[in-house]
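# An overview of the molecular structure
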Amino acid sequence: MRVYRINQHWKSLDRYEVMKLKSNSPTRKPEEPDIYRLYTLPISVKTDPITKSKPFLKWAGGKRALIPEIKKEIPNEYNRYFEPFLGGGALFFSHLPLSACLSDINSELIICYQQVKENPQDVIELLRSMEYEKEQYYTIRASTPSDPIEQAARLIYLNHCCWNGLWRVNSQGQFNVPFGKYNKPYKYLKEDIILNASVALNSANAELIHGDFSTITEMINENDFVYFDPPYTVKHSNNSFISYDETRFSWNDQVRLADLAQKLRIDGVHIIISNADIQEIRELYKGFNIRPVKRMSLISGLSKGRGRVNELIISTRDNGYKS
Ligand SMILES: C[S@@+](CC[C@H](N)C(=O)[O-])C[C@H]1O[C@@H](n2cnc3c(N)ncnc32)[C@H](O)[C@@H]1O
């Protein structure tokens with residue numbers, strides 16, 4: 001089974017032509033939900049829902065600024081797309097694969113994606129009742145809803161109204177990032193972005209899985225394409241500088257990830273990894289093509305504050321930078 005990228009053509013096609021093309025794709029499942037139902041609701045969608053899709057979360061460590069560089073490494077042809085460190089999913093929403101498996105260790109994040117995919121209108125409806133206001137922020141932060149739609153709305157609200165989009169939890173797994181100060185009026189709710197994201201997730205038939213990156217190993221086959229974007233770890237600290245979840249990404253995890261990537265490379269899987277430009281990381285990926293790039297970062301753990309960070313794009317594609 002082969003899936004050819006048609007992204008370049010999408011720009012010149014209207015939404016219905018894109019859908020027609022995609023419905024002929026061999027990856028389409030007959031039971032796929034009809035994504036047109038999203039447009040029967042009285043919520044205006046101003047833009048082409050597929051080609052204009054972008055992350056609905058402003059995730060710390062998100063790679064939107066690096067997308068043009070990462071895209072240079074994407075294989076021309078592949079079967080299924082995997083993104084096991086999903087976060088805000090910058091590459092998924094920009095590249096728009098035809099068939100995707102998206103996963104993350106953050107269970108609340110995966111619930112949120114599931115609800116945005118399946119019940120975007122209900123999530124938006126709840127978000128409309130949540131205001132960017134300090135007292136309300138702390139009330140919502142302290143709440144522990146059991147309904148998945150409420151959980152999804154809570155995560156989107158907290159992510160946009162907290163300090164710098166950081167997702168950090170305490171030892172009990174409770175979100176503890178303070179209120180973020182943005183210029184008022186701050187319109188955090190972007191309905192079109194959530195709806196477009198929902199269309200993109202349905203259109204890719206996205207399978208959403210909660211778990212460690214190794215969980216999906218058995219699902220990956222030759223000629224699939226995997227983008228790994230792990231938290232960046234400094235070897236000597238044995239800790240990620242940003243705690244994305246209750247479990248930190250240790251140096252052992254970096255080694256475990258590199259071992260998996262090496263195995264998949266030998267098995268004929270297309271791989272791209274983004275990581276910090278440090279010698280220890282370069283040594284883990286011998287045999288890959290390693291290209292240094294610079295990116296603007298809002299949260300830099302290397303220097304306190306903001307600035308340019310040196311990163312690596314590590315890939316199986318021959319780009320003339322073989323290590
Ligand atoms: C750098 S962020 C990914 C950012 C994403 N590429 C984007 O553009 O928004 C890293 C993500 O890895 C997840 N993560 C941390 N440890 C993990 C693990 N062991 N397995 C899978 N995901 C993990 C975090 O929850 C976080 O969402």
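Counting from 1, residues in each chain are numbered in the order their sequence is written. Per-residue local features of the predicted model are confined to residues with pLDDT of at least 70, and side-chain atom pairs are confined, for both listing and counting, to 80 or more; whole-chain, interface and lining totals are unaffected and use all residues.

## A closer look at the packing of helix α5 (residues 107–118) against helix α9 (residues 191–203)
Running from N to C, α5 and α9 point in directions that differ by 90°, and their axes come no closer than 7 Å. Our classification of the angle between α5 and α9 gives roughly perpendicular. Listed contacts from α9 to Y113, V116 and K117 of α5 are I194, A197, S198, L201 and N202. Comment: axis = line fitted to C-alpha atoms, over the contacting stretch for helices; angle = value between 0 and 180 degrees taken between N-to-C directions. Segments assigned H or I by DSSP are reported as helices when at least four residues long, segments assigned E as strands when at least two residues long, and all are numbered from the N terminus. The scheme is simple: roughly parallel for angles under 35 degrees, roughly antiparallel for over 145, roughly perpendicular for 65 to 115, oblique for anything else. By the convention adopted here, residues make contact when the C-beta atoms placed from their backbones lie within 7 Å.

## Concerning the nonpolar core
If you look at the biggest cluster of nonpolar residues, it comprises 68 residues, and the most contacted ones within it are V116, V226 and F228. Here this core gets eight residues from one element, more than from any other, and that element is helix α8 (residues 148–161). In this usage, the nonpolar core is the set of buried Ala, Val, Leu, Ile, Met, Phe, Trp, Tyr and Cys residues whose C-beta atoms join them within 7 Å. For every residue, the other C-beta atoms within 10 Å of its own C-beta are counted; 20 or more classify it as buried, 12 or fewer as exposed, and values in between as partly exposed. C-beta atoms are placed from the backbone.

## Notes on the site of the ligand
G61, G62, G87, G88 and A90 are the nearest of the 22 residues found near the ligand. The residue makeup of the shell around the ligand, split by class, is 10 nonpolar, six polar and six charged. We call a residue near a molecule or strand if the C-beta atom, set from the backbone, is within 6 Å of it. In this count, Pro and Cys sit with the nonpolar residues alongside Ala, Val, Leu, Ile, Met, Phe, Trp and Tyr, while Asp, Glu, Lys and Arg are called charged and the others, Gly among them, polar.

## Concerning the packing of helix α7 (residues 134–142) against α8
It is the contact of α7 with α8, at a shortest axis distance of 10 Å, that shows an interaxial angle of 135°. The orientation of α7 relative to α8 falls into the category oblique. Of the two elements, α7 crosses α8, and the hand of that crossing is left-handed. Facing α7, whose interface residues are Y137, I140 and R141, α8 presents R154, Y157, L158 and C161. Taken together, the residues of the contact of α7 with α8 sort by class into five nonpolar, no polar and two charged. Less than a right angle of anticlockwise turn of the near helix away from the far helix marks a crossing as left-handed, whereas a clockwise turn marks it as right-handed.

## As for α8
The length a helix should cover is 1.5 Å for every residue beyond the first. An ideal rise of 1.5 Å per residue puts 20 Å on 14 residues; α8 measures up with 20 Å between its terminal C-alpha atoms. Within α8, 12 of the 14 residues are buried, which leaves the element mostly enclosed by the surrounding structure. Residues of α8 that are buried: I149, Q151, A152, A153, R154, L155, I156, Y157, L158, N159, H160 and C161. Structurally, α8 contributes buried residues whose contacts are with α5, α6 (120–127) and α7.

## Looking at the environment of E131
For E131, the location among the structural elements is in the loop between α6 and α7. A count of 14 C-beta atoms within 10 Å places E131 in the partly exposed class. For the pair E131 and Y188, spaced 57 residues apart in sequence, the C-alpha separation works out to 8.6 Å.

## Considering the pairing of strand β6 (residues 225–228)
Both faces of β6 are covered, namely the face carrying F225 and Y227 and the face carrying V226 and F228. Note on pairing: two strands pair once DSSP finds at least 2 bridges between them. Judged from the two bridges that link them, strand β3 (residues 81–83) and β6 form a sheet pairing that is parallel. Residue pairing in the sheet places Y81 in a bridge with F225 of β6. With four bridges connecting them, β6 and strand β9 (residues 270–276) associate as parallel partners. From the neighbouring strand, V226 faces β9, where its bridge partner is I271.

## Quick word on the confidence of the model for the chain
Per-residue pLDDT for the chain has a mean of 82; in total, 75% of the residues score no lower than 70. Confidence scores here are pLDDT values: one per residue, from the predictor, ranging 0 to 100. Across residues 1–48, where pLDDT falls below 50, the model places 51 contacts with residues more than four positions away in sequence or in other chains. In this model, residues 300–305 is a region of pLDDT below 50 whose contacts with residues beyond four sequence positions or in other chains number seven contacts.

## Let's talk about the environment of E207
Mapped onto the elements of the fold, E207 is located in strand β5 (residues 207–210). Looking at E207, the number of C-beta atoms within 10 Å reads 15, which means it is partly exposed. Residues E207 and A100 lie 107 residues apart in sequence; the distance between their C-alpha atoms is 6.4 Å.

## Focus on the environment of P120
One can find P120 in helix α6. The spacing of P120 and E191 is 71 residues in sequence and 9.0 Å in space, taken between C-alpha atoms.

## Focus on unusual backbone geometry
With an omega of -5°, the peptide bond running from K184 to P185 counts as cis. One can find P185 in the loop between α8 and α9. With a phi close to 55°, L96 is a non-glycine residue in the positive phi region. Within the secondary structure layout, L96 lies in the loop between α4 (90–95) and β4 (100–104). What makes L96 buried here is the crowd of 21 C-beta atoms within 10 Å.

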